[in-house]
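# Summary of structural features
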Amino acid sequence: MNDILEATSPATSLSGPATCVTKVELRVSCKALLDRDTLNKSDPCVILMVQTNGQWTELDRTEVIKSNLHPVFAKVFSLDYYFEEVQKLRFEVYDIHGTHSIGTRDDDFLGGVECTLGQIVAQKKMVKPLLLKYGKYAGKSTITVHAEEISGNNGYVELSFCAKKLDDKDLFSKSDPFLEIYRINDDETEQLVHRTEVIKNNLNPVWEPFKVSLISLCSCDEDRKLKCLVWDYDSRGKHDFIGEFFATFREMQKISSGNKVTWDCVNPKYKQKKRNYKNSGVVILNDLKLHRVYSFLDYIMGGCQIHFTVAIDFTASNGDPRNSCSLHYINPYQPNEYLKALIAVGEICQDYDSDKRFSALGFGARIPPNYEVSIHVHISALPVICIQGVVEAYQNCLPKIQLYGPTNVAPIITRIAKLAAGDGNIKDASRYHILLILTDGVVTDMADTREAIVRASYQPLSIIIVGVGNADFTDMQILDGDDGVLRSPKGEPVLRDIVQFVPFRDFKTASPAALAKCVLAEVPKQVVEYYSHKAISPMCPIRDLPTPILSPVATTPTE
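Notes on the structure follow. Fair warning: this is a prediction, and the values are worked out from it, not measured in the lab.

## Examining the sheet that holds strand β23 (residues 402-403)
- Across the sheet, which stays open at both edges, the three strands sit in the order β20-β19-β23 with antiparallel pairing between neighbours. Each edge of the sheet is formed by a strand with only one pairing partner; in this case those strands are β20 (372-374) and β23.
- The pairing of strand β19 (residues 365-367) with β20 spans three bridges and is antiparallel. Within β20, the position partnered with Arg366 by the bridge is Val373.

## As for the pairing of strand β11 (residues 190-195)
- Burial analysis of β11 places five of its six residues in the buried class, which makes it a mostly covered element.
- Taken together, the five bridges between strand β10 (residues 177-184) and β11 define a ladder with antiparallel strand orientation. Within β11, the residue paired with Tyr182 across the bridge is Leu192.
- Hairpin connection between β10 and β11: a loop of five residues separates the two successive antiparallel strands, and Glu188 in this loop has a positive phi of roughly 70°.

## Observations regarding the packing of aromatic side chains
- Per the stated rule, a full pass over the model turns up 15 aromatic pairs.
- A centroid spacing of 5.5 Å and a plane angle of 65° characterise the contact between Trp231 and Phe241, whose relative ring orientation is edge-to-face. Of this pair, Trp231 sits in strand β13 (residues 226-232) while Phe241 sits in strand β14 (residues 240-247), and the two are ten residues apart along the sequence.
- Through pairs of rings, three or more aromatic residues link up here, namely Tyr294, Tyr299, Tyr432, Tyr530 and Tyr531.
- Geometry around Tyr270 places Lys274 over its ring, the cationic atom sitting 4.4 Å from the centre.

## Focus on the sheet that holds β14
- Strand order across the open sheet formed by four strands is β11-β10-β13-β14, with antiparallel pairing between neighbours. Each edge of the sheet is formed by a strand with only one pairing partner; in this case those strands are β11 and β14. Strand-to-strand twist of the sheet, defined as the mean angle between neighbouring strand axes without regard to direction, takes the value 25°.
- Of the strand pairs in this sheet, β13 and β14 are connected by seven bridges, and their pairing is antiparallel. Within the sheet, the bridge partner assigned to Val230 lies in β14 and is Gly243.

## With respect to the layout of surface pockets
- One number sums up the size of the second largest pocket: a volume of about 850 Å³.
- His146, Arg183, Asn185, Thr189 and Gln191 are the residues nearest the centre of the second largest pocket, which is lined by 33 residues in total.
- When residues of the lining of the second largest pocket are traced back to their parent elements, those giving at least two are β1 (22-31), β4 (72-81), β7 (125-131), β8 (137-150), β10 and β11.
- With seven residues, β1 is the single largest residue contributor to the lining of the second largest pocket.
- Class assignment for the residues of the lining of the second largest pocket results in twelve nonpolar, ten polar and eleven charged.

So, how was this worked out
Residues numbered from 1 in each chain as written. Predicted model: local features only at pLDDT ≥ 70, side-chain atom pairs only at ≥ 80, totals over all residues. Heavy atoms only, no water. Pairing = 2+ DSSP bridges. Helix = DSSP H or I, 4+ residues; strand = E, 2+ residues; numbered from the N terminus. Buried < 20%, exposed > 50% of the residue type's maximum accessible area, 1.4 Å probe, protein only. Phe/Tyr/Trp six-rings, centres within 6.5 Å; stacked < 30°, edge-to-face > 60°. Lys NZ or Arg CZ within 6 Å of the ring centre and 35° of its normal. Axes fitted to C-alpha atoms, helices over the stretch in contact; angles between N-to-C directions. 1 Å grid on protein atoms, 1.4 Å probe; cavity = no way out; pocket = protein on both sides within 12 Å on 5 of 7 lines; lining within 4 Å. Points joined across faces, edges and corners; volume = space filled by probe spheres on them. Nonpolar A, V, L, I, M, F, W, Y, C, P; charged D, E, K, R; others polar.

The following block contains the structure:
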């Protein structure tokens, strides 16, 4: 990479225990920076710091812009935004000398500012003075941070540009061209979208393809004007202007196989002075690839229904339900742990199922009239309405069954996986299944359960397992892929991580919402991963992007 644009790391996220509400892109520029260099102007770079447990650590940094006191950085910071958290950020501006590492000398530091991500998002455009140590102002230096939400209705486009016969601005060699693309906002301000690398000594440059989100490129408006500038790079920061052109995303989409989109690169001064002036070269769009990024809410709002099934452990280790020490004891004043977990998770899931009809199963019980062990017990003969209906069906069936064993859950998982698979030819995103398994001990058919989970990972299904009571659930952690990829006894890995396991005792003193948030945290990602793997779009997208649309991709934005 040339030194106008240093290599940048992939989009980085602020991690946290909460569920990510949305993602935001931050773009940074500065004005009137202090001039720390004797012979040249400062070579600024902005470091983004995040505070975790009271400690500041570097999250990401911009490119270095040579000899410029009013830099507009091309680097985009992509961050997860959590509404319920205070996410403290610090932007530090440094003058870089030769290497890309940050020096320790005071005169390398051009100023910094602290704020929260919430403040930036609330303002959309935050302008603050830069401060030196001890709160002293860094002259008239300011930093501007623009925030843009990257919603599920967004996508990204991959563009590939080249140019032909550009003007030669150098005496002893050819021009060193680079391209800048600016979005013109509604208030006529210009926002830098992308700056290419510099191609040395070449009047016919071919720039590297780059990806940019559509909300950054054109605010998802096909007809928004884009201002594109071509420069001859100068290491002192005094780049020579070659020419400009204006484009729209709609124009760019006219590209087709064998046909390219071209623009005259015009220098207005030359056009005004030179009678026969045509252009200072042409810029060509070689390729355009448009990708749709779907989110969990895209699928839900597009009509995807979440089908909820609960499976309850009716093995004898729970204790006689008539005994107050039993995990199944029905206390008229306080729900038992089974009911607490069921209600906490079910009340959220029921919001995503229009008919609110749930299946309630049990396992490990002997059922009348012959009291034979059944691999799965229908707690209710018909699907019940709402979570309250599941609660009532559970309470009504307890006196009628005999708790027995063993704790085999593989048949339950296999049954629901087959239900999720339907006829085996899923073509739309109309339904997704969540299976909640409540158990008081380690499963006794671990090998079969692992096999069943591997098979189920190919279906539109997520599995939540809540361990009730005080048993040692260490062996159950193997089913949760957080500590490594779950494999079948034959070594076959799961296609997707679909299992979340938590012991209820970890949430005994917490609110039901805390348990629900923990066990459901991975479900949105699992839904998107399944439909993305199958290349299935939402049934009724909220807002379609212009064609051509390529395959949907998971929303782990922005690339």
